[in-house]
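Below, each chain spelled out in residue letters.
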Amino acid sequence: MLGAEPDHDGGMRWMAEWFMRILGWRIVGDEPLPAKFVAIGAPHTSNWDFMLFLAAVSHFRINAKVIGKHTLAQGPFRGFFRRMGVIPADRGSSSGLVEQMRDEFDATDTMALVVAPEGTRSRADHWKSGFYHIALAAEVPVICGFVDFEHKRVGFGDRVDLTGDVAADMDRIRAFYATFGHGRHPELQGPIVLREEG
């Protein structure tokens, strides 16, 4: 589970590694990861991306969270979604979302917020910048998570400590995905650029 606490007998980690071996994939990345970070999930071109990324999350025993619709906090399953690592938020308000995610980071000792900045499995002409502004406000690094169908590998790569210079920070992120960004449907991958870069 995304938000599950690490299991001390390694059961979830073993299952993730078994699942990946069956598929012929490798989970890669250096340990230890930071206690708090925003993880980019890219590229995002198929439904398989989530399952593969979930295996990597289990392997690294990450206390991972994702942003969900604010209506999830109002229904009878709100407790269930929270235990699964879903943070209900109003994504229509960008400034409010950044502040809420900053508060979420402040309230815990360990947390990885997983964001797919493409925002869709279809081709987009830019990345959404929420991941960047959340990491900057929370003063946590960005970790480049990836799904690489060309070489059958998934995991976490470069750490980017944001400087506030959007173009320079994004250049570092672009350099990483130039090597590791091979989605299942490459034709659906758009440019790695934020709208505010012009």
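Data block above holds the structure.
Residues numbered from 1 in each chain as written. Predicted model: local features only at pLDDT ≥ 70, side-chain atom pairs only at ≥ 80, totals over all residues. Heavy atoms only, no water.

Draft legend 1. Quick peek at unusual backbone geometry. Omega for the peptide link from alanine 42 to proline 43 comes to -10°, which places this bond in the cis form. Along the chain, the position of proline 43 falls in the loop between β2 (36-42) and α2 (48-59). For glutamate 139, which is not glycine, the phi torsion reads 60° and is therefore positive. Following the sequence through the fold, glutamate 139 ends up in the loop between α5 (130-138) and β6 (142-148). The backbone of lysine 152 sits at a positive phi, close to 50°, despite the residue not being glycine. By the element assignment, lysine 152 lies in the loop between β6 and β7 (153-160). (Helix = DSSP H or I, 4+ residues; strand = E, 2+ residues; numbered from the N terminus.)

Draft legend 2. Looking closely at the packing of aromatic side chains. Taken as a whole and judged by the stated rule, the model has 11 aromatic pairs. With a centroid separation of 4.9 Å and 85° between ring planes, the pair formed by tryptophan 25 and phenylalanine 149 is classed as edge-to-face. Pair noted here: tryptophan 25 is in the loop between α1 (11-23) and β1 (26-28) and phenylalanine 149 is in the loop between β6 and β7, with a separation of 124 residues, a long-range link. An angle of 90° between the planes, with centres 5.0 Å apart, marks the rings of phenylalanine 176 and tyrosine 177 as edge-to-face. Of the two residues examined, phenylalanine 176 and tyrosine 177, each falls in the buried class. (Phe/Tyr/Trp six-rings, centres within 6.5 Å; stacked < 30°, edge-to-face > 60°. Buried < 20%, exposed > 50% of the residue type's maximum accessible area, 1.4 Å probe, protein only.)

Shape descriptors only; they carry no functional weight alone.
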